[in-house]
Amino acid sequence: MVGVAIPEAEDAELGDRLLEEQLPVSPATSSTWRTLRQQPDVRAGVVTAIMDAVASSTDTGHEAAELVLDLLEPHDVAAVTIYRTSPDGSLRLVGQVNVPSDLASSWRSIPPSTDIPFVRSVLDEVALFWGDREERLREYPQLSQAASVAFEATATIPVAEQGVVVGVVGLVWRTRQTFDDARRETIARAVHRVAPLLMRN
């Protein structure tokens, strides 16, 4: 995967959010557990277990997309699509949230020869970000039919498991965004932390 390494502090931030949401500290929490939950190895194990449990209870791809959207709430993401790779190289839509139904239907299956960001991300194993629709259309004018949708910034992030790309996650913002290297890496890392688990469903 290209360009996904981020500082440990950013990874810890996601872990902190998951721990506080799923295992909050209360007056009844033992001092032993309070101490243990601060240890990096313990925190990492707990976070992994939480994500496994959440992913296991996610029955549909649409629920998976909602989970990704919730985790990316600090980044103001408005919509999410999740595609899984097929044996023939095509991409199959397995989940989405907040995408207009007619748009989702028209892109339910994407042939590998289609020159659009989702396919490029999978083939090149690279996360792609566009700050606004004009920037995206300059590179992909064939997407002009979908440009009327009230979305501005977009990103496509490939998802790999054991070194093999198994799908791609699309993110959409309603307003223009600025993506410096640090923000791209932070968003990509958040997706990579959960998407492989969700792709198993």
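Residues numbered from 1 in each chain as written. Predicted model: local features only at pLDDT ≥ 70, side-chain atom pairs only at ≥ 80, totals over all residues. Heavy atoms only, no water.

J.: For this particular structure, what's the right way to read the nonpolar core?
T.: Within the largest apolar cluster, 28 residues are counted, with the highest numbers of intra-cluster contacts made by Val80 and Leu171. Breaking this core down by element, the ones donating at least two residues are helix 4 (61–71), strand 1 (79–85), strand 2 (91–97), strand 5 (154–161), strand 6 (164–172) and helix 8 (181–199). Considering each element in turn, this core owes the most residues, 6 residues, to helix 4. Setting aside its immediate chain neighbours within four residues, valine 80 contacts Ala65, Val68, Leu69, Gly95, Gln96, Val97, Val99, Val169, Gly170 and Leu171. Grouped together as the second largest cluster of nonpolar side chains are 21 residues, Val119, Val126, Trp130 and Val172 included. (Core = buried A, V, L, I, M, F, W, Y, C linked by side-chain atoms within 4.5 Å. Buried < 20%, exposed > 50% of the residue type's maximum accessible area, 1.4 Å probe, protein only. Helix = DSSP H or I, 4+ residues; strand = E, 2+ residues; numbered from the N terminus. Contact = heavy atoms within 4.5 Å.)

J.: What should I look at first to understand the sheet that holds strand 3 (residues 109–110) in this one?
T.: Within a beta sheet, neighbouring strands are joined by backbone hydrogen bonds and run either parallel or antiparallel to one another. In space, the 6 strands of this open sheet follow the order 3-2-1-6-5-4, with antiparallel pairing throughout. With partners counted over all chains shown, the strands left at the sheet margins are strand 3 and strand 4 (128–130), one partner each. Note: strand 4 against strand 5, 3 bridges, orientation antiparallel. Counted as the bridge partner of tryptophan 130 is threonine 154 from strand 5. Taken strand by strand, helix 6 (residues 117–124) contacts strand 1, strand 2, strand 3, strand 4, strand 5 and strand 6, and its axis lies near 145 degrees from that of strand 6. (Pairing = 2+ DSSP bridges. Axes fitted to C-alpha atoms, helices over the stretch in contact; angles between N-to-C directions.)

J.: What should I look at first to understand unusual backbone geometry in this one?
T.: The backbone phi angle of asparagine 98 is positive, close to 70 degrees, even though this residue is not glycine. Within the secondary structure layout, asparagine 98 lies in the loop between strand 2 and helix 5 (101–106). On the accessibility criterion, asparagine 98 (43% relative accessible area) is partly exposed. Here glutamate 125, not a glycine, exhibits a phi torsion of approximately 55 degrees, which is positive.

J.: Please clarify how the pattern of salt bridges should be interpreted in this entry.
T.: When the charged atoms of two side chains with opposite charge come close together, those side chains can pair. All told, the structure shown has 5 salt bridges when counted by the stated rule. Residue arginine 120 pairs with glutamate 139 through a salt bridge whose shortest N-O separation is 2.4 Å. Here glutamate 139 lies in helix 7 (residues 133–139) and arginine 120 lies in helix 6, a separation of 19 residues in the sequence. Take arginine 120: its relative accessible area is 28%, and that puts it in the partly exposed class. (Salt bridge = Lys/Arg side-chain N within 4 Å of Asp/Glu carboxyl O.)

J.: What is the right way to read the packing of aromatic side chains from this model?
T.: Geometry of an aromatic ring pair is reported as the spacing of the ring centres plus the angle between the planes. Evaluation of the coordinates by the stated rule reveals 4 aromatic pairs. Summarising the aromatic geometry, the rings of phenylalanine 129 and phenylalanine 179 are spaced 5.1 Å apart at their centres and angled 50 degrees between planes, so their arrangement reads as tilted. One end of the pair, phenylalanine 129, is in strand 4; the other, phenylalanine 179, is in the loop between strand 6 and helix 8, and 50 residues separate them in sequence. Note on phenylalanine 129: relative accessible area 10%, which makes it buried. Judged by relative accessible area, which is 9%, phenylalanine 179 ranks as buried. Centroid distance tryptophan 130 to tyrosine 140: 5.8 Å. Interplanar angle 85 degrees. Geometry classified as edge-to-face. Here tryptophan 130 is found in strand 4, whereas its partner tyrosine 140 is found in the loop between helix 7 and strand 5, with 10 residues between them in sequence. Ring pairing ties together the aromatic residues Phe129, Trp173 and Phe179, which thus form one cluster. (Phe/Tyr/Trp six-rings, centres within 6.5 Å; stacked < 30°, edge-to-face > 60°.)

J.: Is there a simple way to think about the pairing of strand 6 in this case?
T.: Summarising burial for strand 6: 8 of the 9 residues are buried, a large majority. Alignment of strand 1 against strand 6, held across 6 bridges, turns out to be antiparallel. Within the sheet, the bridge partner assigned to arginine 84 lies in strand 6 and is glycine 167. Alignment of strand 5 against strand 6, held across 8 bridges, turns out to be antiparallel. Residue pairing for strand 6: threonine 154 is matched across the bridge by valine 172. Between the antiparallel neighbours strand 5 and strand 6 lie 2 residues, among them glutamine 162 with a positive phi of about 55 degrees.

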